[in-house]
Each structure stands twice: as C-alpha cells, then as structure tokens.
Amino acid sequence: MKRALILILLWPGWLWAAIDVLQFDTPEQEARFQQLTQELRCLVCQNQNLADSDADLARDLRMEVYEMVKSGQSADEIKTFLVARYGDFVLYRPPVQRNTLLLWGLPPLLLLIGLFFLWRFLTSRPATTEPEAPASDPLDLLQDEEP
Amino acid sequence: MRFAVPLLIFLGLGLLLFFGLDNDPRKLPSPLIDKPAPAFTLPLLEEPDQTLGKDDLLGQVYLLNVWGSWCVACRTEHPYLMEIARRNEVPLYGLNWRDRPEEASRWLKQYGNPYTAVLADQAGRTVIDFGVYGAPETFLIDQKGVIRYKYVGPVTMEIYEQELLPRIRQLQEDQS
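Everything quoted here is computed from the prediction, not taken from an experiment. (Residues numbered from 1 in each chain as written. Chains lettered and ligands numbered in written order. Predicted model: local features only at pLDDT ≥ 70, side-chain atom pairs only at ≥ 80, totals over all residues. Heavy atoms only, no water.)

Asker: When you look at the interface of chain A and chain B in this model, what are you seeing that I'm missing?
Answerer: Accessible area lost on assembly of the parts is the figure often given for the size of an interface. Each partner contributes residues to the interface: chain A has 15 residues there, and chain B has 17 residues. Interface area, chain A with chain B, both sides summed: about 1,400 Å², of which 50% is carbon and sulfur. When the buried area of chain A at its contact with chain B is split by residue, Asp60, Arg85 and Tyr86 of chain A rank highest and sum to 40% of it. Viewed at the interface, chain B and chain A are joined by 5 residue pairs in polar contact (both at pLDDT 80 or more). The set of elements that each furnish at least two residues to the side of chain A that touches chain B consists of helix H3 (56-70) and helix H4 (75-86) of chain A. Of the residues in the side of chain A that touches chain B, the class split is 9 nonpolar, 2 polar and 4 charged. (Contact = heavy atoms within 4.5 Å. Buried area = accessible area lost by both parts, 1.4 Å probe. Polar contact = N/O pair within 3.5 Å; in protein donor to acceptor, adjacent residues only side chain to side chain. Helix = DSSP H or I, 4+ residues; strand = E, 2+ residues; numbered from the N terminus. Nonpolar A, V, L, I, M, F, W, Y, C, P; charged D, E, K, R; others polar.)

Asker: Honestly, a nonpolar patch on the surface in this entry has me stumped. Any pointers?
Answerer: A contiguous nonpolar surface patch, about 830 Å² in accessible area, is contributed by Leu102, Leu106, Leu109, Leu110, Ile113, Phe116, Phe117 and Trp119 of chain A. Within the fold, Leu110 of chain A resides in helix H5 (residues 101-124). (Patch = residues over 30% accessible without salt bridge, like charges linked within 9 Å, V, L, I, M, F, W, Y side chains within 5 Å. Areas by Shrake-Rupley, 256 points an atom, 1.4 Å probe, with all protein chains shown as cover. Salt bridge = Lys/Arg side-chain N within 4 Å of Asp/Glu carboxyl O.)

Asker: When you look at unusual backbone geometry in this model, what are you seeing that I'm missing?
Answerer: A negative phi holds for most residues other than glycine; trans holds for most peptide bonds. All names here are of chain B. Note that the residue after Ala135, namely Pro136, is joined by a cis bond; omega there is -5 degrees. At Asp34, a position not held by glycine, the phi torsion is positive, near 65 degrees. By secondary structure assignment, the location of Asp34 is in the loop between helix H1 (4-20) and strand E1 (41-43). Given the relative accessible area of 52%, Asp34 is considered exposed. (Buried < 20%, exposed > 50% of the residue type's maximum accessible area, 1.4 Å probe, protein only.)

Asker: Is there a simple way to explain helix H2 (residues 27-39) of chain A in this structure?
Answerer: Spacing of three or four residues puts side chains on the same side of an α-helix, whose turn is 3.6 residues. All names here are of chain A. Compared with an ideal rise of 1.5 Å per residue, which puts 13 residues at 18 Å, H2 spans 18 Å between its outermost C-alpha atoms and is within 8% of the ideal. Along H2, the residues classified as buried are Gln29, Phe33, Leu36, Thr37 and Glu39. Buried positions in H2, seen along its axis, are confined to an arc of 165 degrees and lie on one side of it. Opposite the packed face of H2, turned more than 90 degrees from it, sit the exposed residues Pro27 and Glu28. Where the residues of H2 are buried, they touch H3 and H4. (Expected span 1.5 Å × (residues − 1). Arc of directions from axis to C-beta.)

Asker: Would you mind showing me how to read the environment of Lys27 of chain B here?
Answerer: Residue and element names in this part refer to chain B. Positionally, Lys27 belongs in the loop between H1 and E1. Of the residues examined, Lys27 reaches a relative accessible area of 44% and is grouped as partly exposed. Taking C-alpha positions, Lys27 is 8.9 Å from Tyr151, a pair spaced 124 residues apart along the chain. Leave out the neighbours within four places in its chain, and Lys27 touches Tyr133, Tyr151 and Val152.

Asker: Can you walk me through the packing of aromatic side chains in this structure?
Answerer: Pairs of aromatic rings are described using the distance from one ring centre to the other and the angle between the two planes. For the structure shown, the criterion picks out 13 aromatic pairs over all chains. Note on Phe24 of chain A and Tyr66 of chain A: the rings are 5.1 Å apart at their centroids and 85 degrees apart in plane angle, and the pair reads as edge-to-face. You can see Phe24 of chain A sitting in the loop between helix H1 (2-10) and H2 and its partner Tyr66 of chain A sitting in helix H3, a full 42 residues away along the chain. Pair check on accessibility: Phe24 of chain A and Tyr66 of chain A agree, each one buried. Centroid distance Phe33 of chain A to Tyr66 of chain A: 6.2 Å. Interplanar angle 85 degrees. Geometry classified as edge-to-face. Taken as a pair, Phe33 of chain A in helix H2 and Tyr66 of chain A in helix H3 lie far apart in primary sequence, 33 residues in all. No difference in accessibility class separates Phe33 of chain A from Tyr66 of chain A, as the two residues are buried. Through a chain of ring-to-ring contacts, three or more aromatic side chains come together here, namely Trp67, Trp107, Tyr111 and Tyr115 of chain B. Between Arg41 of chain A and the ring centre of Phe89 of chain A, over which it is positioned, the NZ or CZ distance is 4.1 Å. If you follow Arg75 of chain B out to its NZ or CZ, it ends over the ring of Tyr111 of chain B, 3.6 Å from the centre. (Phe/Tyr/Trp six-rings, centres within 6.5 Å; stacked < 30°, edge-to-face > 60°. Lys NZ or Arg CZ within 6 Å of the ring centre and 35° of its normal.)

Asker: Would you take a moment to explain the state of the cysteines for this structure?
Answerer: One way to say it: the disulfide is the covalent bond shared by the sulfur atoms of two cysteines. Residue and element names in this part refer to chain B. All told, the structure shown has 1 disulfide over all chains when counted by the stated rule. Between the sulfur atoms of Cys71 and its disulfide partner Cys74 the distance amounts to 2.2 Å. Its torsion about the S-S bond being 90 degrees, the disulfide of Cys71 and Cys74 is classed as right-handed. Across the pair, Cys74 and Cys71 agree in class, each one buried. (Disulfide = S-S within 2.5 Å.)

Asker: Which parts of the structure should I look at to understand the sheet that holds strand E3 (residues 62-67) of chain B?
Answerer: The strands making up a sheet associate through hydrogen bonds between their backbones, and the pairing can be parallel or antiparallel. Residue and element names in this part refer to chain B. Taking strand neighbours across the sheet as the criterion, the 5 strands line up as E5-E4-E3-E6-E7 in an open arrangement whose pairing is mixed. Looking at the sheet topology across the chains shown, the edges are occupied by strand E5 (117-121) and strand E7 (147-152). Strand-to-strand, the axes of this sheet are offset by a mean angle of 20 degrees, without reference to chain direction. Across the sheet, helix H2 (residues 72-87) touches E3, strand E4 (92-97) and strand E6 (137-141), and the angle it forms with E3 is around 155 degrees. (Pairing = 2+ DSSP bridges. Axes fitted to C-alpha atoms, helices over the stretch in contact; angles between N-to-C directions.)

Taken by themselves, the reported measurements are silent on function.
Here is the structure:
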C-alpha cells in the first residue's frame, strides 16, 4: 500500500506530455524542434512550455514551429517570428538587453556579495582559533542569564 | 542596530511581493502596438466564398474582436458588443477563431450579431499573426491599418468608454 503510494507519487509527470506524430527530414531538424518547443512558453498555461502543453494554441504554435523547422529556418529566425507576435514573454530564456539587465545581473551580483561576506567572515577570525574566547559563544551568553 | 539591515531587506521584499499581487500575469504587453497589423485575407463566416482582407478595411478606424463559440468569456462580453454595435460609433469586425462555422453562425443567430462582418480563421494562422493568446481580445486599428491598442479579456461598457472610445475619437478626429 505504502509502496504503491510512493510509486504513484514518483510516477514521472512528463509521461503525459503532449504527443504529436511528426516526421522530420533530418535528425538536426528534429533536435531543433525539440529544443525550441522546450524553450518556448505556452501563452495559455504560462508555466508550461510548448512541448508539454496540450492547449489548442500550444498545438497550433507547435505546428507553426514544426513547419518553419521543416522549411529550413534557423532557431533564431523562428524565435524572432514568435517574439514579433508575442513579445519576449514567449522565451523561457529571455535575451540580455536593457530591461533584463537586472534579471540576468542580479544572481551573479548576489553571489559576489555573498562571497565577499564569506571571505570577510573567514578572514576576520584568526587562523588558529583560541579555545577560551569568553562570551563569544552564544551558548555562554544564554547560560549567563540563568540565575 | 545589527537587525536593521535584515529587517530592511525583509520589509523591502515584503512590499515588492505585496504589490506584485496586483499584477495580472495574463495581461501581457503586445509587441504589435503601433505596428502595422499583419496582412490577412480570410473567408467570411456567413459567406465562405467571399473573402475580406486588411486592405479592404483601410481608411477607417475599426475594432477587431477575436472570439469563438467555444469561448466562455466571449459569452459574457457579447451583450456589451451588442450595445457597442447599437451605438454605432465604430465599426466592429469579428475574427472567429478556430470555430465550427455552423456553431459560430448559431451563436450569432441566438444571441445577435454585433459585427459588421465576421472573418473565419479556422486554421488559427491569422490569430497567431496577431499575437492572440486567449479569446476574447479586441484590437483597435486605425485608417492606415496600424494596431493602436489591444484589450485582452471581455470588453465591458466601462472599458469601452474609458479605454477604447477616447482613442477611437482621437483617431477619427485625426482623419478629418
């Protein structure tokens, strides 16, 4: 019973991903199609990509991408086509530009700030720790308050 | 004092998230505003052997309303569209999205037809060109075929009066 429950919980959700039977001329085209539909957002169910979504619009957009891939268009051309219609929001990986600087810049910046504080914390202590530093241990402080 | 910085960060984050609650993720900015509307030529819903294209509609300010008989929100919007049509201030064209023609026609017979003409986009291609991601959506297009405004969701009289009509009037004045 427990095991069955765990199995159900662990059952991979992607098995329900939408399936279309599509024929490609070359494996590269198929790879490009897969890559694109993974990276493009379904506008209807906004937290799914085109590959996973079963919405009608997602299906239409998948077919659009499929036909563009088949006609030999590059990934960039296809993305440009969709961005011209739906805006940068269709891209799960937004381009680096003026209004996305904060989005792209903040994580590395925060990492650097974190590393700086870590470095300061580590270097502010003497390399050899003195075992009997009074009142620097919070536990000592707590004990002091007891009667 | 040593708690001031974390507290400030916490408050800042809290405020940011609190005001973020008011943002509607469904309302996406369209890159097509102030750009020429995509070219289209589509059969008419009621007379499928006739087509209507973007070029036929040049020279007038008009509304293009994307709808479908399968769309629940369109049903809520419909009485307002009837009222807008009755006021006769701007021509209203329908863009019927991925619909069965007989069901779309039945809808119009049953609830009334507010549209000057209805274009049928059964393949959903033109709708993609317009960057539509959910019905109903309403576009305001000017004399030169440029998209001037887009409203996502059901239009109400309030939205018509406050968002659409002032822009329509402005554009119509520019012409004369």
